[in-house]
Amino acid sequence: MDETHFQEGITFDDVLLTPRRSSVRTRKNVDTSTQLTRKIRLNIPIVSANMDTVTEASMAIAMAREGGIGVIHRFMPTDSQVAEVARVKRSESYVIEEPYTLSPDHTVGDAEQMMERHDVTGILVVGKNGELRGVLTLRDIRFGKDGSKRIRSVMTGKERLITAPDGTTLEEAERILDEHKLEKLPLVDETGRLQGLITSKDIMKSKQYPSATKDSKGRLRVGAAIGVRDGLLERAEALTSAGADLLVLDVAHGHSNMVLDAIRTLKTELGDVEVMAGNVATAEGTEDLIAAGADAVKVGVGPGSTCTTRLVTGAGMPQLTAIIQCAQAASQHNVPIIADGGIRNSGDITKALAAGASTVMLGSLLAGTDESPGATVIRNGRRYKVVRGMASLGATAARMERERPERSVDDLQRVVPEGVEAVVPYRGRISEVLNHLLGGLRSGVSYCGASDMAGLKRNALFVRITQAGWQESQPHDIGISE
Ligand code: XMP
């Protein structure tokens, strides 16, 4: 070991971006679109973290509507994770290809159960060969209709239904729905068999969220995290069958042979699926993941707000240096990187993207929103939500409880946590939080004399600051009222 083994690493607070001449008239004109993986593009460079206090279906739906994406965490059984992915994929689409259906001989009680379970207001009624026989809506069964009655006796029959041929465009469907003041338009083929459903709700949503991240069928995109151990392929297959657009192979020390083997397995066995892998913090790690087939590389060892990896193990890399080195390596292969962890405000987002990341992954910054899993807690009269590191004692104990109910106290004592559990202030709706973050990012881009993400990277000129410079950057010499 000699001095050449020591490199210096920096992170967000060590630098500022040098202001440069700008031609941006209003920050609204800054284009924030970016690559998430080799193939998937986003309108905003923000990804919600695969943590059990951050991303399940509600968060993923909200993130995709705003133009980003959410990654559903993996700390649940496969069928639960598949159900979360399916909830996102079913939340909206151009055409619902497999609407919920029952036969005319099912009962009103069956229909009520189905509506409640899937949170829908209508069921299509089909015969044995898939021919459309009618529609049953909540309206038909309100006022406590007898649950044992057959659907055929209360449904709106085919003769009174407005339908459209398979292949009807969205514009045409909107016109028909409008003209007849309808909410649901079943699509049928020439023999009358049900082929799909277009709803006015879906049409409205696509107008309300014009930047939404969608697949070719108009469904919101979603990622799903997986680990390298038990049942890798089984889980991965189940998630992609449910429509997951992206698999995120997420391991604390991602530069490992197990991760490299897992990437190869996924890419050969599942063919077309996009695989993001990590976490790494070096150019070497990035090169190895890309050589194994990764479509995006997640960067960050120990910067996260709930991480104690660096304290517990002594290993890690200051996040800005990690981003710069990994991005340089990844850009040779046109593979995007995701800066994961340690982002505390919009300034950090601008710095991460300027340093070469294509997107940022946020954990605790989003954990306080309505859309994160879990309820709010009140402490000293203020509202908070819980956030916990996925390697914290609480999260590890919950995982052991689920996977090995027969575990002993000794097993728990052997756990060496690399994360903590905490609370963050309640922040309201995610759309408002994102609005603030993106406003700051757009201004930051214009300070750098750029108008899009590529320009930001090109123009970025970091200035290394001193402790005094850092102090000057904070509000100072005033009494802060809040
Ligand atoms: P932020 O700072 O946005 O970071 O909350 C989110 C990222 O932190 C990572 N993470 C962990 N890292 N121990 C760790 O060392 C943990 O228990 C832990 N839990 C989450 C993860 O990369 C996440 O996206």
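Thresholds, definitions, all that
- Residues numbered from 1 in each chain as written.
- Predicted model: local features only at pLDDT ≥ 70, side-chain atom pairs only at ≥ 80, totals over all residues.
- Heavy atoms only, no water.
- Helix = DSSP H or I, 4+ residues; strand = E, 2+ residues; numbered from the N terminus.
- Buried < 20%, exposed > 50% of the residue type's maximum accessible area, 1.4 Å probe, protein only.
- Contact = heavy atoms within 4.5 Å.
- Areas by Shrake-Rupley, 256 points an atom, 1.4 Å probe, with all protein chains shown as cover.
- Pairing = 2+ DSSP bridges.
- Polar contact = N/O pair within 3.5 Å; in protein donor to acceptor, adjacent residues only side chain to side chain.
- Arc of directions from axis to C-beta.
- Patch = residues over 30% accessible without salt bridge, like charges linked within 9 Å, V, L, I, M, F, W, Y side chains within 5 Å.
- Salt bridge = Lys/Arg side-chain N within 4 Å of Asp/Glu carboxyl O.

Peer 1: Looking at this structure, I do not really get the overall build of the protein. What am I missing?
Peer 2: In terms of helices and strands, the protein carries 18 helices and 22 strands. The C-alpha extent of the protein, read off along each of the three principal axes, is 85 × 65 × 55 Å. Taken over 482 residues, the protein has a buried fraction of 50%. Put simply, of all contacts in the protein between residues at least 6 apart along the chain, 64% involve residues at least 24 apart. With the model as given, the accessible surface of the protein reaches about 24,100 Å², and the carbon-plus-sulfur share is 48%.

Peer 1: Whenever I open this one, the pairing of strand E8 (residues 132–137) confuses me. Can you help?
Peer 2: In regular strands, side chains alternate between the two faces of the sheet. Of the pairings in the sheet, the one linking strand E7 (residues 122–126) to E8 comprises five bridges and is antiparallel in character. Within E8, the residue paired with Gly-122 across the bridge is Thr-137. The loop that links E7 with its antiparallel partner E8 comprises five residues; one of these, Gly-130, has a positive phi angle of about 85 degrees. Here E8 pairs with strand E9 (residues 156–157) via two bridges, running antiparallel.

Peer 1: Teacher, can you tell me more about the side chain of Thr-53 here?
Peer 2: Topologically, Thr-53 is positioned in the loop between strand E4 (46–48) and helix H1 (57–66). Among the polar contacts listed, one links the side chain of Thr-53 to the backbone nitrogen of Arg-388, at a separation of 3.2 Å. Those residues within four positions of Thr-53 in sequence are excluded, and the remaining contacts are Ala-367, Ser-372, Pro-373, Val-386, Val-387 and Arg-388.

Peer 1: I keep staring at the side chain of Asp-250 and nothing clicks. Help me out?
Peer 2: Relative to the assigned elements, Asp-250 resides in strand E14 (residues 246–250). Of note is the side chain of Asp-250, whose polar atom sits 3.0 Å from the side chain of Asn-50. Separated by 2.7 Å, the side chains of Asp-250 and Lys-298 make a polar contact. Setting aside residues no more than four positions away along its own chain, Asp-250 makes contact with Asn-50, Arg-74, Ile-226, Gly-278, Asn-279 and Lys-298.

Peer 1: Sorry, what's going on with unusual backbone geometry here?
Peer 2: Peptide bonds are, in most cases, trans, and in most cases residues other than glycine have a negative phi. Here Gly-278 and Asn-279 are connected by a cis peptide whose omega angle stands at 0 degrees. Within the fold, Asn-279 resides in strand E15 (residues 274–280). Non-glycine residue Lys-181 carries a positive phi angle of around 50 degrees. If you trace the backbone, Lys-181 turns up in the loop between helix H5 (170–179) and strand E11 (184–188). Lys-181 gets classed as exposed once you look at its relative accessible area, which sits at 73%.

Peer 1: Please clarify how the environment of Val-259 should be interpreted in this entry.
Peer 2: By the secondary structure assignment, Val-259 is in helix H8 (residues 257–270). Dropping the residues within four chain positions of it, Val-259 is found in contact with Val-228, Leu-249, Val-251, Gly-254, Ala-277 and Leu-289.

Peer 1: Help me understand helix H6 (residues 200–208) in this model?
Peer 2: A turn of α-helix holds 3.6 residues, and therefore any two residues three or four places apart point the same way. Turning to H6, its buried residues are Asp-202, Ile-203 and Lys-205. The arc enclosing the buried residues of H6, seen along the axis, measures out at 160 degrees, which places them on a common side. Every exposed residue of H6 that faces more than 90 degrees away from the buried side is listed here: Met-204, Lys-207 and Gln-208. Buried positions along H6 lie against H1, helix H2 (78–91), H5 and strand E12 (194–199).

Peer 1: Can you help me understand a nonpolar patch on the surface in this one?
Peer 2: A cluster of nonpolar side chains, namely Leu-311, Val-312 and Val-416, defines an oily patch on the protein surface of about 320 Å² accessible area. Here Val-416 is to be found in the loop between helix H15 (409–413) and strand E21 (421–425).

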